[in-house]
Amino acid sequence: MDNFDREWFLRNDVLVSDNRAIKDILSRAELVKPKLAPIPVKLLPAKVDLSPYLRFIRCQGGEGCWGYSLQSVWDIMNELACPYSPNLSMSLGLFLHRRRDLWESKGGINSPDGRFHSSSYAIKWLDISFGAATEGTEPTHPSTRWTGNWTVEGANEADNYRLASDIQKITVSSTEFMNWLAADHPIQLVDDGHLIAVVGYDANKKTFKFVNSYGDRWGTEGYSEYTFSQIDTLSGIWGGIGDAFIVDIVTPRPVPAARIWFKHSYRMNVQLWLSVEDSPLPKRKIWPAFEWADDSKDLHFTVRLPSELIWPPVAGRRLALDLIDTGAFSETGGELVEFSAAFGGDILKCADLAKGSVKFKARQQLRVTIP
Amino acid sequence: MSNHQAFWIHGTSVQMEREGYFISKRRAGYAAVFKTYGSEWFHFAVPTPVILNGSYAKLTKVFVFFKTQGTAKITNVHVYSAGTKIYYQDNLSLSGDHSGQVDSSNSWAITSTPVAGLGIGISVCVDFGSVSTGSVPEIWFTTAGADFETS
């Protein structure tokens, strides 16, 4: 990269290090006392596992653990409160992290609808007052030196995905963690500069289950465990347990959404589009988000449906999923396991998958529809 | 001798207060159809004869023809003359098919002192209900209107 002007990038805050975001989180934590978990009214269950509520295993590819871990926690909370909630995107968080030149000196930033969002921690910040877009609308582009801005669609939907308050520091102990998890609160946890999301415990094995943001080849399908001792002694895995946080969300409204699951040896091989049959509008590409360092195998996520879709999809205006296996990274091919659409409690399954998954080969194109 | 006039507007002209991806909307020849959960306001702008035959017209009755499916119900009807609320009915629970002819669920007489209209707006709050299994609750709006008179 002979022509790479590092000074220009540094001046324009495009290469803002992860450490800035982590420092923000930790300095916030220093100012507050930890919140205690609610005292359980019943005996704690021997095992809690919130991972079934998190289908999308993220792969950061570079930096961003501070945001990916929060999105995992938030996704679980959304799914618990409102099933079939689309998975959240890191696009807004990364934009604000990289473009501090737009808001740090002004103490805040205007969203596209003209509202001013203060960066003061005493006042509601963007995740609280503005919200977050979702992956199908604003796919996360973590490694792109991105100086972009909100999209119109992302700005419109962000109001539906907001935190009710700033992230809240909690006491780090196995007892407190168990109490929070039993109260359906996954936990964002710092381990020596890396952040992960704790999603369950097994009191008999004395372990906590957590999801990382290194993709599903890491650990066991993206998950691993802490022992109770590693938490209580703060020894951790990466070098030492730091602060822990929980979030409270504003319960999102149900939106028409699609849940898609395919198995593969390399999910970046596959490209996905959603569209409404006979719609004059272009198909919406929902995967991938061009994160070439993503070496995960499978993709299982939930995205919002095209906004022109009239619910429910019927003959003549079916919901269509187009899949192409490019063969770019792998020749194994894959299988489409799930394609369903939902709006609240109204759930529709793809009939083509009723008898089992549909296999596809490298360089094959596939279309499935609902109905 | 009083002079009566009636002005109506088709249901497809209704405006949602909040645009969003959480509401499925369809405008067809027969109605505007909305499906979602929770509560939303809808607004009709009724053509208003402010002056009729040289006299100020007074509003005497309003109408909103609708049909609900599932748990959707109308809970509030507010009537505005320009920016002033001149009539309201709250704590309603109106559901069913009232899309074809005038009945007690889709019409409201302005029984207090009739007021002059300066651009009438009829606002309707619909509670679609909470998420449950099965079809998404919906409401059809087919038409809305108002009666006026001059004395």
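Residues numbered from 1 in each chain as written. Chains lettered and ligands numbered in written order. Predicted model: local features only at pLDDT ≥ 70, side-chain atom pairs only at ≥ 80, totals over all residues.

Chemist: Tell me about the overall build of chain B, and name the residues and values.
Modeler: Looking only at helices and strands, one finds zero helices and 15 strands in chain B. By the compact-globule yardstick of 15 Å for 151 residues, chain B fits well, its C-alpha radius of gyration being 16 Å. The principal-axis extents of the C-alpha atoms in chain B amount to approximately 55 × 30 × 30 Å. Across the 151 residues in chain B, those meeting the buried criterion constitute 36%. Considering only intrachain contacts with a sequence separation of at least 6, the fraction spanning at least 24 residues in chain B is 79%. (Helix = DSSP H or I, 4+ residues; strand = E, 2+ residues; numbered from the N terminus. Rg over C-alpha atoms; globule rule 2.2 N^0.38 Å. Buried ≥ 20, exposed ≤ 12 C-beta atoms within 10 Å, placed from the backbone. Contact = placed C-beta atoms within 7 Å.)

Chemist: Before we move on, can you summarise the domain arrangement of chain A with the specific residues and values?
Modeler: Residue and element names in this part refer to chain A. Considered domain by domain, chain A is made up of domain 1 (1–253) and domain 2 (257–370). With centres defined by C-alpha atoms, the gap from domain 1 to domain 2 works out at 26 Å. Residue-level contacts link 23 residues of domain 1 with 18 residues of domain 2. Its residues assigned to classes, the side of domain 1 that touches domain 2 comprises seven nonpolar, 11 polar and five charged. (Domains from an automatic or database assignment. Nonpolar A, V, L, I, M, F, W, Y, C, P; charged D, E, K, R; others polar.)

Chemist: Outline the sheet that holds strand β12 (residues 284–287) of chain A, supporting the account with residue identities and numerical values.
Modeler: Residues and elements named next belong to chain A. In space, the four strands of this open sheet follow the order β12-β11-β14-β18, with antiparallel pairing throughout. Unpaired on one side and paired on the other, β12 and β18 (365–370) mark the two borders of the sheet. Strand-to-strand twist of the sheet, defined as the mean angle between neighbouring strand axes without regard to direction, takes the value 25 degrees. (Pairing = 2+ DSSP bridges. Axes fitted to C-alpha atoms, helices over the stretch in contact; angles between N-to-C directions.)

Chemist: I'd love a proper account of the environment of A:A289, names of residues and values included.
Modeler: Residue and element names in this part refer to chain A. In this fold, A289 is placed in the loop between β12 and β13 (299–304). For A289, a count of 20 C-beta atoms within 10 Å puts it in the buried group. Separated by 151 residues in the primary sequence, A289 and E138 have C-alpha atoms spaced 8.9 Å apart. Residue contacts for A289: discarding those within four places in its chain leaves P139, T140 and H141.

Chemist: For the pairing of strand β6 (residues 194–202) of chain A, give the residues involved together with the corresponding values.
Modeler: Residue and element names in this part refer to chain A. The element β6 is largely enclosed, with a buried count of eight among its nine residues. Relative to β6, strand β1 (residues 47–49) is paired through three bridges, and the arrangement is antiparallel. In the strand pairing of β6, D49 is matched with G200. Pairing between strand β5 (residues 187–191) and β6: five bridges, direction antiparallel. Directly across from V190, in β6, lies its bridge partner L195. Turn length for the β5-β6 hairpin, with the two strands adjacent in sequence and antiparallel, is two residues, and the turn residue D192 shows positive phi of about 50 degrees. The sheet contact formed by β6 and strand β7 (residues 207–211) spans five bridges and is antiparallel. Considered in β7, the bridge of D202 is made with T207. Count of turn residues in the β6/β7 antiparallel hairpin: four residues, of which K206 carries a positive phi of about 60 degrees.

Chemist: Any chance you could break down helix α4 (residues 91–98) of chain A for me, citing the residues and the numbers?
Modeler: Residue and element names in this part refer to chain A. Taken across its eight residues, α4 has eight buried, putting it largely inside the fold. The set of residues buried in α4 consists of S91, L92, G93, L94, F95, L96, H97 and R98. Each element contacted by the buried residues of α4 is listed here: α2 (18–30), α3 (65–81), α5 (126–129) and α6 (152–158).

Chemist: A description of unusual backbone geometry should follow, citing residues and the corresponding values.
Modeler: With an omega of 0 degrees, the peptide bond between A:W287 and A:P288 qualifies as cis. With respect to the helices and strands, A:P288 occurs in the loop between β12 and β13. Going from A:W311 to A:P312, the amide bond is cis rather than trans, its omega being 0 degrees. Tracing the backbone through its elements, the reader meets A:P312 in the loop between β13 and β14 (319–325). Of note in this structure, A:L234 is not a glycine but carries a positive phi near 60 degrees. Among the secondary structure elements, A:L234 is positioned in the loop between α8 (228–232) and β9 (241–246). In this structure, B:A82 takes a positive phi of about 55 degrees despite not being glycine. As for its placement among the helices and strands, B:A82 is situated in the loop between β9 (73–81) and β10 (84–89).

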